[in-house]
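Given next are the chains, with one letter for each unit.
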Amino acid sequence: TIGSASIEYLGTSISTKPISITVTKGAPKQRDDKTSGVSEADIADNLFIRASIDKNRVYQGEQVTVTYKLYTRLNIAAQMAVDKLPQYQGFWAEELGTSQNISFTTEVLNGKQYKVGLLKRAALFPTQTGKLEVTPFELTIPIQIPKKKNPNNIWDDFFGDPFGRAEIYEYKATSNIVNVDVLALPQNNQPASFRGAVGRYDFSASIDKSVTKTNEPISLKLKITGTGNIKLLELPDFELPNGFEKYDPKINEKLERGGKISGSKEAEYLLIPRIAGSREIPPIEFSYFDIEKKSYQTISSKT
């Protein structure tokens, strides 16, 4: 029995009546190799998840994008359930925007026409070298299976059946495994100021005032913008002249999750001058490995 529900409205209590449900013992669900004369191998030929990557050989810290698509020639009867998400061990991962509702297009593969829907996309940034593996994406997909009529021509009958006579079968779909070969960054000509940034970036440093009094705080801002492994960036180190105190920075990150991960990382340092006089902060250097040029680049701030 489902109990009554009630609300208060204009000083009056309004309630529903209890609902009684009788549950009888049902037959156990059959899940053998064949359902209605159709094997799972038959289903797998007409419904599968394909995982693909835009490149399988990258540098450590370089973005690789993995895409999961559903290919089907069958009717999906209800909402799919996620059994197991892929594991990105050895990567920093950022999910890329996809619609909650799958929009299907058509695609011909090996002479067959499929409905194809985008399930999931992720930007992966390898944090270690060597051969890395992305585990499969696993879904339970309720599909309509034709009731057995002509075992020698069951799929042709089903695709041409105007009455859609079918039963529901929960099919476990598993994507393929994808592998990525991750190369170490070059050691030759690696700048001392390099701290793991890979991609393409701009860098700037600024202070809020150039004239101040002793014990009066100064704000020093470092800002990195661009495309790449922004989340993993380490801020450049810098030296201060004698007579300054430096406090831990306030960090602000902004990410844009389009096809490529881009955005900015900004650090604001509070500096306190303790000694009067003219002081100069040496140029601050930020170095990164440029993926397109395959070389290190260094940007220096102004003094």
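Data block above holds the structure.
The shown structure was predicted, so the numbers you read here are calculated from the model rather than taken from an experiment.

Draft legend 1. How the structure looks around the overall build of the chain. Within the chain, the regular secondary structure consists of two helices and 22 strands. For the chain, the proportion of its 303 residues judged to be buried stands at 36%. In the chain, the proportion of contacts linking residues at least 24 apart, taken out of those at least 6 apart, comes to 71%. As presented, the chain carries roughly 18,300 Å² of accessible surface, and 46% of it is formed by carbon and sulfur atoms.

Draft legend 2. Representation of the pattern of salt bridges. Under the counting rule described, the total for this entry stands at 14 salt bridges. We note a salt bridge from D181 to R57, for which the minimum N-O separation is 2.8 Å. Taken as a pair, D181 in strand β15 (residues 178-183) and R57 in strand β6 (residues 57-59) lie far apart in primary sequence, 124 residues in all. Judged by its relative accessible area of 53%, R57 is exposed.

Draft legend 3. Inspection of the nonpolar core at higher detail. Formed by 28 residues in total, the largest nonpolar core has its most connected members in L47, Y68, Y88, F91, L124 and I143. Elements with a minimum of two residues in this core: β5 (47-53), β7 (64-72), β11 (112-126), β12 (130-134), β13 (138-146), β14 (166-174) and β15. Excluding residues within four positions of it along the chain, L124 makes contact with E62, Q63, V64, V66, Y88, F91, W92, A93 and V134.

Draft legend 4. Spatial organisation of the packing of aromatic side chains. Counted under the stated rule, the structure contains 13 aromatic pairs. Each member of the aromatic cluster is reached from another via a ring pair, and the members are Y59, F194, F289 and Y296.

Draft legend 5. Looking closely at unusual backbone geometry. In this model, N110 sits at a positive phi of 50 degrees, which is unusual for a non-glycine residue. If you trace the backbone, N110 turns up in the loop between β10 (104-109) and β11. The backbone phi angle of N215 is positive, close to 70 degrees, even though this residue is not glycine. Tracing the sequence through the fold places N215 in the loop between β16 (194-207) and β17 (218-228).

Draft legend 6. The arrangement of the pairing of strand β21 (residues 285-290) in detail. For β21, the buried fraction is high: five of the six residues fall into the buried class. Across three bridges, the pairing between β16 and β21 is parallel. Each bridged residue has a counterpart across the sheet, and for F194 the counterpart in β21 is S287. In this sheet, strand β22 (residues 295-300) lies alongside β21 in antiparallel orientation, the contact comprising six bridges. Across the sheet, residue E285 finds its bridge partner in β22, namely S300. Counting the residues between successive antiparallel strands, the hairpin from β21 to β22 contains four residues, one of them, K294, with a positive phi of roughly 55 degrees.

Draft legend 7. Spotlight on the pairing of β7. Counted residue by residue, β7 has eight buried out of nine residues, so it is predominantly covered. Here β5 pairs with β7 via seven bridges, running antiparallel. Residue pairing in the sheet places R50 in a bridge with K69 of β7. When β7 meets β11, the two strands line up antiparallel, connected through nine bridges. Residue pairing across strands places K69 opposite L118, the latter belonging to β11.

Draft legend 8. Structural view of a nonpolar patch on the surface. Taken together, the side chains of I2, I19, I21 and V23 define a hydrophobic patch exposed on the protein surface, amounting to about 420 Å² of accessible area. Assignment of secondary structure puts I19 in the loop between β2 (12-15) and β3 (34-35).

Draft legend 9. Structural context of the side chain of D181. Within the structure, the side chain of D181 is placed 2.8 Å from the side chain of R57, a separation counted as a polar contact. When near neighbours in sequence (up to four residues on either side) are disregarded, D181 contacts N56, R57, V58, G130 and K131.

Draft legend 10. Just the sheet that holds β15, in detail. The strand order across the open sheet built from three strands is β6-β15-β12, with neighbouring strands paired in mixed fashion. A strand with exactly one partner marks an edge of an open sheet, and here the two such strands are β6 and β12. Recorded for the sheet is a direction-independent mean angle of 35 degrees between the axes of neighbouring strands. In this sheet, β15 lies alongside β12 in antiparallel orientation, the contact comprising five bridges. Bridging from a neighbouring strand, G130 pairs with V182 of β15.

Draft legend 11. How the structure looks around the environment of V66. Mapped onto the fold, V66 is located in strand β7. Along the sequence, V66 and N56 sit 10 residues apart, while their C-alpha atoms lie 10.0 Å from each other. Once you skip the residues sitting within four places of it in the chain, V66 turns out to touch S52, I53, Y88, K120, R121, A122, L124 and V178.

About the cut-offs
- Residues numbered from 1 in each chain as written.
- Predicted model: local features only at pLDDT ≥ 70, side-chain atom pairs only at ≥ 80, totals over all residues.
- Heavy atoms only, no water.
- Helix = DSSP H or I, 4+ residues; strand = E, 2+ residues; numbered from the N terminus.
- Buried < 20%, exposed > 50% of the residue type's maximum accessible area, 1.4 Å probe, protein only.
- Contact = heavy atoms within 4.5 Å.
- Areas by Shrake-Rupley, 256 points an atom, 1.4 Å probe, with all protein chains shown as cover.
- Salt bridge = Lys/Arg side-chain N within 4 Å of Asp/Glu carboxyl O.
- Core = buried A, V, L, I, M, F, W, Y, C linked by side-chain atoms within 4.5 Å.
- Phe/Tyr/Trp six-rings, centres within 6.5 Å; stacked < 30°, edge-to-face > 60°.
- Pairing = 2+ DSSP bridges.
- Patch = residues over 30% accessible without salt bridge, like charges linked within 9 Å, V, L, I, M, F, W, Y side chains within 5 Å.
- Polar contact = N/O pair within 3.5 Å; in protein donor to acceptor, adjacent residues only side chain to side chain.
- Axes fitted to C-alpha atoms, helices over the stretch in contact; angles between N-to-C directions.

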